[in-house]
Amino acid sequence: MNYSECTINARNRIGKYCKACPECNGRACRNQIPGPGAKGIGDTAIRNYDKWKEIRVNMDTISENRPVDTSLELFGREFKYPFFAGPVGAVQMHYGDCYNDMTYNDLLVNACAKYGIAAFTGDGMDSEIMVAATKAIRHADGCGVPTVKPWNMDTIREKMDLINQSGAFAVAMDIDAAGLPFLRNFNPPAGSKTVEELREIIGMTKAPFIVKGVMTVKGALKAKKAGASAIVVSNHGGRVLDQCPATAEVLSDIAAAVDGSMKILVDGGIRSGADVFKALALGADAAIIARPFVTAVYGGGEEGVRSYIEKIGSELEDTMKMCGVSSLKEITADCISK
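Residues numbered from 1 in each chain as written. Predicted model: local features only at pLDDT ≥ 70, side-chain atom pairs only at ≥ 80, totals over all residues. Heavy atoms only, no water.

Engineer: Which residues make up the overall build of the chain, and what are the values?
Structural biologist: In terms of helices and strands, the chain carries 12 helices and 12 strands. The C-alpha atoms of the chain give a radius of gyration of 18 Å, which matches the 20 Å a tight globule of 338 residues would have. By the burial criterion, 58% of the 338 residues in the chain qualify as buried. Restricting the contact set of the chain to residue pairs at least 6 apart, pairs at least 24 apart contribute 72%. Charged side chains in the chain number 39 positive and 40 negative. The centres of these two groups are separated by 4 Å. (Helix = DSSP H or I, 4+ residues; strand = E, 2+ residues; numbered from the N terminus. Rg over C-alpha atoms; globule rule 2.2 N^0.38 Å. Buried < 20%, exposed > 50% of the residue type's maximum accessible area, 1.4 Å probe, protein only. Contact = heavy atoms within 4.5 Å. Lys, Arg positive; Asp, Glu negative; His and termini not counted. Charge placed at Lys NZ, Arg CZ, Asp CG, Glu CD.)

Laid out in structure tokens, this is it:
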């Protein structure tokens with residue numbers, strides 16, 4: 001099975017919001033909330049996608065013909081490729097009832113671990129979601145990143161207990177989820193966190209902590225001050241704020257400000273191995289891809305996940321070969337044109 005076959009299979013299984021497009025660009029599902037679309041007119045999700053396509057890679061085949069190494073080391077783990085599957089929540093509501101959050105996370109975590117990468121797992125109102133996600137990560141020998149919503153502190157503490165028992169190699173909080181309606185209306189109050197609150201949360205964990213949802217240099221430096229080991233440059237796929245910059249537009253400035261003091265990941269509209277290459281050239285250590293993995297799961301289960309990982313990985317390898325680089329550390333700003 002290849003990923004094109006996955007998209008065809010998924011169209012009859014993935015619900016009424018997502019269209020299982022050949023390449024997810026935010027257009028067919030724009031302004032559909034709940035669902036895979038983005039907030040408002042859908043501008044941010046579309047902009048995320050478009051900005052990666054505006055960046056060009058610089059071909060250079062006057063170079064030594066060396067084997068290409070796509071492997072990434074992150075927090076003591078080695079991965080086959082520098083990209084991960086992103087967290088997705090409310091799967092059944094947004095994408096159809098073939099899966100729920102528990103079954104989706106279980107399949108995705110194990111398939112990603114089997115084929116050389118890791119999955120970030122989603123979170124939600126149902127406490128069993130985190131129970132099942134951390135169980136799947138524990139069974140995958142810690143190869144997964146449980147992602148906690150910015151709940152109130154008592155709820156976060158309960159979830160961190162589960163996460164610490166899972167042996168996860170890292171833990172994340174999608175701080176940008178503060179803009180989701182169910183969190184805005186949560187009681188006790190949930191949502192945005194101060195640097196001091198974030199520092200307290202980071203202190204609850206045994207694993208490196210990733211703050212997901214940073215879109216400014218100021219935000220990156222606040223995450224660093226709180227003690228984060230990494231950040232994800234992310235606008236939550238455009239689902240929390242319309243008229244927001246694309247992640248590709250802010251990544252290089254954030255990377256320059258951080259200057260290697262934290263690991264940097266990026267998501268938002270990354271849809272090919274060439275896009276992953278561009279993200280690394282702009283200063284990221286790795287990329288995260290979310291919604292296409294939903295199509296992979298719904299269209300082909302474990303085999304679908306394998307096919308998508310291999311698709312992105314082979315595209316990355318080909319781009320590296322044609323741009324004259326043989327390792328991730330050789331992918332620098334002069335490999336692209338903006």
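Past the structure itself, the notes keep going.
Engineer: Lay out the sheet that holds strand β10 (residues 263–266) in plain terms, naming residues and giving numbers.
Structural biologist: In space, the 8 strands of this open sheet follow the order β4-β11-β10-β9-β8-β7-β6-β5, with parallel pairing throughout. Taken across any chain shown, the strands that pair with only one partner, and hence form the sheet edges, are β4 (83–85) and β5 (120–121). (Pairing = 2+ DSSP bridges.)

Engineer: An account of empty space enclosed by the protein is needed here, citing residue identities and associated values.
Structural biologist: Scanning the model with the defined rule gives 1 cavity of 30 Å³ or more in all. If you trace the largest cavity, you find 16 residues lining it, with C18, K19, A20, C21 and C24 closest to the centre. If you tally residues by element for the lining of the largest cavity, the top one is helix α12 (residues 291–322), at 3 residues. The residue makeup of the lining of the largest cavity, split by class, is 10 nonpolar, 3 polar and 3 charged. (1 Å grid on protein atoms, 1.4 Å probe; cavity = no way out; pocket = protein on both sides within 12 Å on 5 of 7 lines; lining within 4 Å. Points joined across faces, edges and corners; volume = space filled by probe spheres on them. Nonpolar A, V, L, I, M, F, W, Y, C, P; charged D, E, K, R; others polar.)

Engineer: Go over the environment of V57, please, and point to the residues and values.
Structural biologist: Mapped onto the elements of the fold, V57 is located in strand β1 (residues 56–57). Among all residues touching V57, those that are not within four sequence positions of it are F277, K278, T319, C323, C335 and I336.

Engineer: Describe the pairing of strand β9 (residues 230–233), with residues and values.
Structural biologist: By the alternation rule, side chains of β9 split into A230 and V232 and I231 and V233, which are all buried. Between strand β8 (residues 209–214) and its parallel partner β9, the chain crosses via helix α9 (residues 217–226), and the hand of that crossover is right-handed. Bridging between β9 and β10 involves 4 bridges; their strand directions are parallel. For A230, the partnering residue across the bridge sits in β10 and is K263. (Right-handed = clockwise from strand over helix to strand, strands pointing away.)

Engineer: Break down the packing of aromatic side chains for me, with residues and values.
Structural biologist: Across all of its chains, the model carries 8 aromatic pairs by this definition. Note on F79 and F169: the rings are 5.3 Å apart at their centroids and 50° apart in plane angle, and the pair reads as tilted. With F79 in strand β3 (residues 77–79) and F169 in the loop between α6 (153–166) and β7 (171–174), this pair connects stretches of sequence that are 90 residues apart. The pair formed by F79 and F169 is uniform in burial state, with each residue classed as buried. (Phe/Tyr/Trp six-rings, centres within 6.5 Å; stacked < 30°, edge-to-face > 60°.)

Engineer: I'd like to hear about unusual backbone geometry, residue by residue, with values.
Structural biologist: In this structure, H236 is a non-glycine residue whose phi angle is positive, near 60°. Tracing the chain through its elements places H236 in the loop between β9 and α10 (247–258). Taking relative accessible area as the criterion, H236 reaches 11% and is therefore assigned buried. The phi dihedral of Q243 falls on the positive side, at around 60°, and the residue is not glycine. Residue position: Q243 is located in the loop between β9 and α10.

Engineer: A description of the nonpolar core should follow, citing residues and the corresponding values.
Structural biologist: Among the nonpolar cores identified, the biggest contains 112 residues, and F84, I231 and F293 are the most heavily contacted of them. For this core, the element with the highest residue contribution is α12, accounting for 11 residues. Beyond its immediate sequence surroundings of up to four residues, F84 is in contact with L72, L74, F79, I117, A118, F120, L265, A286, A287, I288, I289 and F293. (Core = buried A, V, L, I, M, F, W, Y, C linked by side-chain atoms within 4.5 Å.)

Engineer: Which residues make up the pattern of salt bridges, and what values do they have?
Structural biologist: For side chains of opposite charge, pairing can occur when their charged atoms come near one another. Counting across every chain of the model gives 18 salt bridges. When the shortest N-O distance is used, the salt bridge between R66 and E330 registers 3.2 Å. Here the residue R66 occupies a position in the loop between β1 and β2 (72–74), and E330 occupies one in the loop between α12 and β12 (336–337), the gap between them amounting to 264 residues. Judged by relative accessible area, which is 30%, R66 ranks as partly exposed. Across the pair K212 and D176 runs a salt bridge, and its minimum N-O distance is 3.8 Å. Of this pair, K212 sits in strand β8 while D176 sits in the loop between β7 and α7 (181–184), placing them 36 residues apart in sequence. Summarising the burial analysis for this pair, K212 and D176 share the class buried. (Salt bridge = Lys/Arg side-chain N within 4 Å of Asp/Glu carboxyl O.)

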